[in-house]
Amino acid sequence: MKANLYINLGNTNAIFAFSEKNNINNLKVTKIKSKTIINDETNLKNIFNKINKKNQIKKIYISSVNNQLGEKLKKYLEENEYKYKFLSYKDTKFLDLSKLYNPYELGNDILSQLCYVSSFFEEAIVVSLGTASVIYHLKNNKLSGVVILPGISQSLNNLTTKTDIQNVEIIDTKNKLGLNTSESISIGLLHSIENQIKC
């Protein structure tokens, strides 16, 4: 049975989601570091061999914020004669992006999330935690605006590589002020996101 493959090419990870029953609630997900595909294209071939072992791919839908990886994937798909489509601004005509200065610079990752969220909710505040932490508000298919912060792991990495701070564990705490290094950094990272959501 043929089914669709959904691919999200991020700066940190590439995610491949395939549904044997062509049902979005029954996805089989494969995640791989984006750099491993960029550095060695055989990793891409291995993923497709694994997915196509039992199933046939009908069509491939791609969301990408990683141009280098997007080009490698496009080349591979064309060489192997797969049908594919990169999500673009043109595919989201039902969304009202009129508040943005330039809707064309909205990332494909945000576009794909907007499409998904708007199909289930009239109003939502969406928090996407990846390489960057992205927060946005959507109401009646209209995007109010977007906040982009450095991602939690990126922020933590900056602190630990550029200072003497080591062995930090992110912990969930209700405290507003930390009583040790891990708790203090956790509050700084997590509460900054929480405060942006409240704005």
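Preceding this section is the structure that the text describes.
Residues numbered from 1 in each chain as written. Predicted model: local features only at pLDDT ≥ 70, side-chain atom pairs only at ≥ 80, totals over all residues. Heavy atoms only, no water.

A.B. asks: Explanation requested: the packing of aromatic side chains in the structure shown.
C.D. replies: Summed over the entire model, instances satisfying the criterion amount to 6 aromatic pairs. A centroid spacing of 5.2 Å and a plane angle of 45° characterise the contact between Phe-48 and Tyr-82, whose relative ring orientation is tilted. Taken together, the residues Phe-48 in helix α2 (residues 42–51) and Tyr-82 in the loop between α3 (67–79) and β5 (84–86) connect sequence positions 34 residues apart. Neither residue differs from the other here; Phe-48 and Tyr-82 are each classed as buried. Here the aromatic rings of Tyr-76 and Tyr-82 are separated by 6.5 Å at their centres, their planes lie at 25°, and the arrangement is stacked. Grouping residues by exposure puts Tyr-76 and Tyr-82 together as buried. Put simply, the rings of Phe-16, Phe-48, Tyr-76 and Tyr-82 touch in pairs and so form one group of aromatic residues. (Phe/Tyr/Trp six-rings, centres within 6.5 Å; stacked < 30°, edge-to-face > 60°. Helix = DSSP H or I, 4+ residues; strand = E, 2+ residues; numbered from the N terminus. Buried < 20%, exposed > 50% of the residue type's maximum accessible area, 1.4 Å probe, protein only.)

A.B. asks: Looking at this structure, how should I read the layout of surface pockets?
C.D. replies: A water-sized probe, rolled over the atoms, reveals where empty space remains. Of the pockets and cavities examined, the largest pocket occupies roughly 1,400 Å³. Lining the largest pocket are 43 residues, and of these Asn-8, Ser-63, Asp-109, Ser-112 and Gln-113 sit closest to its centre. Looking at the lining of the largest pocket, the element that brings in the most residues is helix α4 (residues 108–118), giving 6 residues. For the lining of the largest pocket, a count of residues per class yields 23 nonpolar, 15 polar and 5 charged. (1 Å grid on protein atoms, 1.4 Å probe; cavity = no way out; pocket = protein on both sides within 12 Å on 5 of 7 lines; lining within 4 Å. Points joined across faces, edges and corners; volume = space filled by probe spheres on them. Nonpolar A, V, L, I, M, F, W, Y, C, P; charged D, E, K, R; others polar.)

A.B. asks: So what exactly am I meant to see when it comes to the packing of α2 against α3 here?
C.D. replies: Working note: a packed helix pair is described by the angle between its axes plus the distance between those axes. Closest axis-to-axis distance for the α2/α3 pair is 11 Å, and the angle between their directions is 55°. Classified by the angle between their axes, α2 and α3 sit oblique to one another. In terms of crossing hand, the pair formed by α2 and α3 is right-handed. Between α2, through Leu-44, Lys-45 and Phe-48, and α3, the contact on the second element is made entirely by Lys-72, Leu-73, Tyr-76 and Leu-77. Taken together, the residues that form the contact of α2 with α3 break down as 5 nonpolar, no polar and 2 charged. (Axes fitted to C-alpha atoms, helices over the stretch in contact; angles between N-to-C directions. Parallel < 35°, antiparallel > 145°, perpendicular 65-115°, else oblique. Left-handed = near helix turned anticlockwise from the far one by under 90°. Contact = heavy atoms within 4.5 Å.)

A.B. asks: Is there a simple way to think about the nonpolar core in this case?
C.D. replies: Looking at soluble globular proteins, one finds that nonpolar side chains tend to be buried together. Leu-5, Ile-7, Phe-16, Phe-48 and Ile-60 are the most contacted members of the largest nonpolar core, which has 22 residues in total. Mapped onto this core, the elements with two or more residues apiece are β1 (2–9), β2 (13–19), α1 (34–39), α2, β4 (56–64) and α3. Dropping the residues within four chain positions of it, Phe-16 is found in contact with Leu-5, Tyr-6, Ile-7, Lys-28, Val-29, Thr-30, Ile-32, Ile-37, Leu-44, Ile-47, Phe-48 and Ile-51. Leu-87, Leu-100, Leu-111 and Leu-143 belong to the second-largest nonpolar core, a separate cluster that totals 16 residues. (Core = buried A, V, L, I, M, F, W, Y, C linked by side-chain atoms within 4.5 Å.)

A.B. asks: It is not clear to me how α2 should be interpreted in this structure. Could you clarify?
C.D. replies: Every α-helix carries 3.6 residues per turn, so stepping three or four residues along brings you back to the same face. Taken together, the buried positions of α2 are occupied by Leu-44, Ile-47, Phe-48 and Ile-51. End-on, the buried residues of α2 take up no more than an arc of 95°, which puts them together on one face. (Arc of directions from axis to C-beta.)

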